[in-house]
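Spelled out from the first residue to the last, the chains are:
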Amino acid sequence: MFRRLFHHTFNISFRTSEMMTASQSLLSTLRKKTGYAITNCKKALEMNNNDIEKAENWLHAQAQSQGWAKAAKLQNRSTPNGLVGIMLNTKCAAMVEVNCETDFVSKNEKFQTVVTQTTVACFEKSLETVLSSDVVQKSPVIRLGFSSEQLGALQLNNSSDSKLSDFLALNIGLIGENMAARRGAALCSTNSNIKFASSTHPEQVVDGTSLGKYAAVIAYEEGQVSSEQAELREIIDIEKLPKQLCQHIIGMNPQSLEKEGNSSNEEEAALYHQEFLAHPDYTVREVLDHVGWKIKAFLRFECGESVC
Amino acid sequence: MVVTSVRRICLCSNRLLLLKSYPFQVPPTLPRLLIQKQRLIAWASRFSSQAAQPAQPVKAHANIGTIGHVDHGKTTLTAAITKVLQKDGLAKFVSYDAIDRAPEEKARGITINIAHVEYSTEKRHYAHTDCPGHADFIKNMISGTSQMDGAIVVVAATDGQMPQTREHLLLAKQVGVKHLVVFINKADLADKEMIELVEIEMRELLSDFGFDGLATPVIHGSALLALNGDESSFGAPSIRKLLAAIDEYVPTPQRDLSSPFWLPIDSAFTVPGRGTVVTGTIKKGTLKKGDETELLGHGSAIKTVVTDVQVFRKSVPVAQAGDNVGLLLRSIKLPQVQRGMVLVAANSATIGNRYRAQLYLLTRGEGGRSRPIISGYIQQIFSATWNLAVRVDMPSGKDMLMPGDHSDVNLTLLKRMAIEPGQPFTIRENNYNVATGIITERLSDATLVKGDSLDKVTFSE
């Protein structure tokens, strides 16, 4: 009897006029418009005598410092989840890893925007580095690496005066989980014979950036066909091959291109000696020889993996 | 003492059915035959001893969980629930730290970060689970250990819903939770207007995600106050309100008596002079003597009539879901009955060789593969009492599955079987579990191009 009554009252309370006023209140409007925590919206209205425009400006002004405060508070919490983002053009392929606490957040739109923005910033910086005259291109493919601090210091492309670390802190304030732009890497080349391809797993594309838990990039050169195989001609789809090679790198986790010693462990970990994931009857070398390609370099990130 | 034993019985009675009809791993052939023999003996002996089972006055059981943002007080709430119920002698207090550790647990070979807490209200017994991540909830669902019947969404009145609250509700949808109860925590730190706004926003969001936002109970309180023994309205009373709301709003899972009859066959034997008897525990529906049924599985569908129904060696006119029965089948020869077959109400089910499933690929650390699988992966599938060759294909748009991934996949079986959605299975490679999952949907049959091989199959999407 009590339970019935109790349940009933809840349905009624929802329809009371009080609730309706709350839904149309300034607080509700401000919260809907800005998405900031309710406590902050409330404070903003109180400090600005319920002037909604002033309150909104105050919130935006406060958000950055609030974010930094939150980031400082959460900085010791571990961030085992996250996403890897990739962006590439014909000259450069850049890859970053951004971490968060739970895999709920890594599926969230806001967090994914953080990853794409970080990827774009890293990509533009890499491109700028390789195009600037003071970098002498000794090898055909240049590798760049970015530490967490270097990523944080990058400029956001959309607003020239804000740094990536500010943007990250702002989002820590909004999402309420610790986050970190952990590392970045890029392969670049001004040599037009070098081509880039990438893949992420599970693949998701947001604003021109590929996101996933795993990511791989290859830099390869198309050349003369040295040993074409009749059986391979039937099963290899040249359009899909660059992506399949990246998927192979994600799946088989090679440590090097060629083996240097003679141990069988090294052979298993050398890309050219591995069975090709898409067609396990052939090795990667056989497939590459068939089409006349050479892989010059590759990068692989696995979200949350330990790095030395 | 008495209380605990009753509780244990009621826990078992709900799971017995599942465990019994789907052993997680089918042992190798010889021991399996032995087990079957033992089962037969057990069955026969149960017949002779005429022990009438007295009905146990057991509480109904439900599985619930907590979902919400990391800082909104899920763990504090769970601890507070046990604290409040301990006073009434209905639970043993579990501290915040004990829950927060979310110990790694192995279920069907999968490692899951999960905390289990157990408590009772006056009305029901609850198994409460708390997982830190989306993947852990999914793994918990796939391992089939406890299907969540309801969940508490915890949201702090100070923050309101977070961007990732959407992902929390998506998860609830994904694991099949239909009934949510919202607990607005930290209500003591917010004013009335804020709490109401949070409530309105939550109801709107719930409706957006296809839950009944209007009917969903929303409780305002403070888990921390309750944990500290506070008796003001946001303290312990708010926890009691929450529990009453769960008792009321989350329905008790019912034995399915209304669906068509379905019996997974445990064993079969011949009674000289009478015919073939099959035994097993009725999974759903009811059966009367003389009902028309169908024996399904391993590519065959044989119509037959049940000429005798026995429960505990006594002929009964009707048997229902949960009963362990022996059924005499008209004009069925023993060799026609194979392990893994099911007996169903005539024309209520058909056999098929293609199914959609939710699959989790074990990591190397869990004893699984170190390499990914791609479409066309062929191994042995073990489910219920049968095993068969199976082919795993990725859904369109996916090329591979990495160890640790969970995904929708399409399964093609070497022979057509009768499988129900929800049935768990494992896939083994060289006698190691490499994948585990549940069947979610029957798909249109595939044609095996070579007849007896899964290397080449064709099907329409």
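Data block above holds the structure.
The sections below set out a description of the structure shown in this document. Since we're looking at a predicted model, the values are computed, not measured.

What counts and what doesn't
The numbering scheme is per chain: residues are counted from 1 as the chain's sequence reads. Key to labels: chains lettered from A, ligands numbered from 1, both in the order written. Confidence filtering applies because this is a predicted model: local features only for residues at pLDDT of at least 70, side-chain atom pairs given and counted only at 80 or more, and all residues used for totals across whole chains, interfaces and linings. By convention in this description, side-chain values take in all heavy atoms of the structure and omit both hydrogens and water. DSSP calls a pair of strands paired once it identifies at least 2 bridges connecting them. Secondary structure is summarised from DSSP: a helix means a run of H or I of at least four residues, a strand means a run of E of at least two, and numbering begins at the N terminus for each. Each axis is a line fitted through C-alpha atoms, taken for helices only over the stretch in contact, and angles between the N-to-C directions span 0 to 180 degrees. Throughout, a contact is declared for two residues whenever any of their heavy atoms are within 4.5 Å. Accessible area, probed at 1.4 Å, shrinks when two parts are joined; the buried area is that loss added up over both. Salt bridges, as used here, are contacts in which a Lys or Arg side-chain nitrogen is within 4 Å of a carboxyl oxygen on Asp or Glu. Any N or O atom pair separated by 3.5 Å or less is treated as a polar contact, with the protein-specific requirement of one donor-capable and one acceptor-capable atom, and with residues adjacent in sequence counted only for side-chain atom pairs. Planes of paired rings set the category: under 30 degrees apart is stacked, over 60 is edge-to-face and the rest tilted, where pairs are Phe, Tyr or Trp rings (Trp by its six-membered ring) whose centres lie within 6.5 Å. Each residue's exposure class comes from its accessible area (1.4 Å probe, protein chains only) as a fraction of the maximum for that residue type: buried when under 20%, exposed when over 50%, partly exposed otherwise. Consider the ring centre and the ring normal. A charge sits over the ring if Lys NZ or Arg CZ is within 6 Å of that centre and within 35 degrees of that normal. Each angle is binned into one of four classes, with values under 35 degrees roughly parallel, values over 145 roughly antiparallel, values of 65 to 115 roughly perpendicular, and all other values oblique. By the definition used in this description, the sense in which the near helix is turned from the far one sets the handedness, with an anticlockwise turn below a right angle giving left-handed and a clockwise turn giving right-handed. Residues were grouped as follows: Ala, Val, Leu, Ile, Met, Phe, Trp, Tyr, Cys and Pro as nonpolar; Asp, Glu, Lys and Arg as charged; and all remaining residues, including Gly, as polar. Working rule for helices: expected span equals 1.5 Å times residues minus one.

### Section: the sheet that holds strand E5 (residues 194-201) of chain A
The strands that make up a sheet are held in pairs by hydrogen bonds between backbone atoms, and each pair lies either parallel or antiparallel. All names here are of chain A. Sheet architecture is open: three strands sit in the order E5-E8-E9, paired in antiparallel fashion. Of all strands in the sheet, those bounded by a partner on one side alone are E5 and strand E9 (293-302). Neighbour-to-neighbour, the strand axes of the sheet open up by a mean angle of 15 degrees, direction not taken into account. Bridge count between strand E8 (residues 214-222) and E9: nine bridges; the pairing is antiparallel. Residue pairing for E9: Val217 is matched across the bridge by Leu299. Packed onto the sheet, helix H11 (residues 241-252) meets E5, E8 and E9 and runs at close to 135 degrees relative to E8.

### Regarding the interface of chain A and chain B
If you look at the interface, chain A gives 48 residues, while chain B gives 54 residues. Carbon and sulfur atoms supply 60% of the area buried between chain A and chain B, which totals about 4,400 Å² over both sides. Taken together, the connections running from chain A to chain B amount to five salt bridges. Across the pair Glu201 of chain B and Arg31 of chain A runs a salt bridge, and its minimum N-O distance is 2.9 Å. Our count for the contact surface shared by chain A and chain B stands at 19 residue pairs in polar contact (both at pLDDT 80 or more). When residues in the side of chain A that touches chain B are grouped by element, the largest group, seven residues, is from helix H1 (residues 2-15) of chain A.

### Describing the sheet that holds strand E8 (residues 218-220) of chain B
All names here are of chain B. Pairing is mixed in the open sheet, where six strands are placed in the order E4-E5-E1-E6-E7-E8. Single-partner strands in this sheet number two, and they are strand E4 (115-120) and E8. Each adjacent strand pair in this sheet contributes to an overall mean axis angle of 25 degrees, direction not counted. Two elements, strand E6 (residues 150-156) and strand E7 (residues 179-185), share seven bridges in a ladder whose sense is parallel. Looking at E7, one finds that Val154 is bridged to Phe183. Along the sheet, helix H7 (residues 192-208) contacts E6, E7 and E8; its crossing angle with E7, the most-contacted strand, is approximately 160 degrees.

### Looking at the packing of aromatic side chains
Under the criterion given, the structure shown has two aromatic pairs over all chains. Taking 4.6 Å as the distance between ring centres and 25 degrees as the angle between the ring planes, the aromatic pair formed by Tyr220 of chain A and Trp293 of chain A counts as stacked. Of this pair, Tyr220 of chain A sits in strand E8 while Trp293 of chain A sits in strand E9, and the two are 73 residues apart along the sequence. Trp293 of chain A shares its class with Tyr220 of chain A; the two are buried. Between Tyr119 of chain B and Tyr126 of chain B the ring centres are 5.8 Å apart and the planes differ by 40 degrees, which places this aromatic pair in the tilted class. Between the NZ or CZ atom of Arg183 of chain A and the centre of the ring of Phe301 of chain A, over which it lies, the distance is 3.8 Å.

### Observations regarding the pattern of salt bridges
Throughout the structure, instances matching the rule amount to 33 salt bridges over all chains. Here Glu203 of chain A ties to Lys243 of chain A by a salt bridge, and the two come within 2.6 Å at their closest N and O atoms. With Glu203 of chain A in the loop between E5 and strand E6 (204-206) and Lys243 of chain A in helix H11, the pair connects residues that are 40 residues apart, well separated along the chain. Given the relative accessible area of 31%, Lys243 of chain A is considered partly exposed. In this structure, Glu429 of chain B and Arg369 of chain B form a salt bridge, with 3.0 Å as the shortest nitrogen-oxygen distance.

### Topic: the packing of helix H3 (residues 26-34) of chain A against helix H5 (residues 52-74) of chain A
Residues and elements named next belong to chain A. H5 packs onto H3 with a crossing angle of 40 degrees between their chain directions and a minimal axis gap of 11 Å. With respect to each other, H3 and H5 are oriented oblique. Judged by the twist between their axes, the crossing of H3 over H5 is right-handed. When H3 is examined against H5, the residues Leu26, Thr29, Leu30, Lys33 and Thr34 are found in contact with a partner set consisting of Ile52, Ala55, Glu56 and Leu59. Residue classes in the contact of H3 with H5 are distributed as five nonpolar, two polar and two charged.

### Observations concerning H7 of chain B
Residue and element names in this part refer to chain B. The end-to-end C-alpha separation of H7 is 24 Å, in line with the 24 Å expected for 17 residues at 1.5 Å each. Here H7 lies mainly inside the structure; 12 of its 17 residues are buried. Between the side-chain oxygen of the N-cap and the backbone nitrogen of Glu193 there are 3.2 Å, and the N-cap of H7 in question is Asp191. In the segment just after H7, Gly210 is the residue with positive phi, at about 85 degrees.

### Details of the packing of helix H4 (residues 38-47) of chain A against H7 of chain B
Where H4 of chain A meets H7 of chain B, the closest approach of the two axes is 11 Å, and the angle between their N-to-C directions is 135 degrees. Overall, the two elements H4 of chain A and H7 of chain B adopt an arrangement that is oblique. Pair H4 of chain A / H7 of chain B crosses with right-handed handedness. On H7 of chain B, the residues that touch Ile38, Thr39 and Lys42 of chain A of H4 of chain A are Glu193, Met194, Leu197 and Val198 of chain B. Grouping the amino acids of the contact of H4 of chain A with H7 of chain B by side-chain chemistry returns four nonpolar, one polar and two charged.

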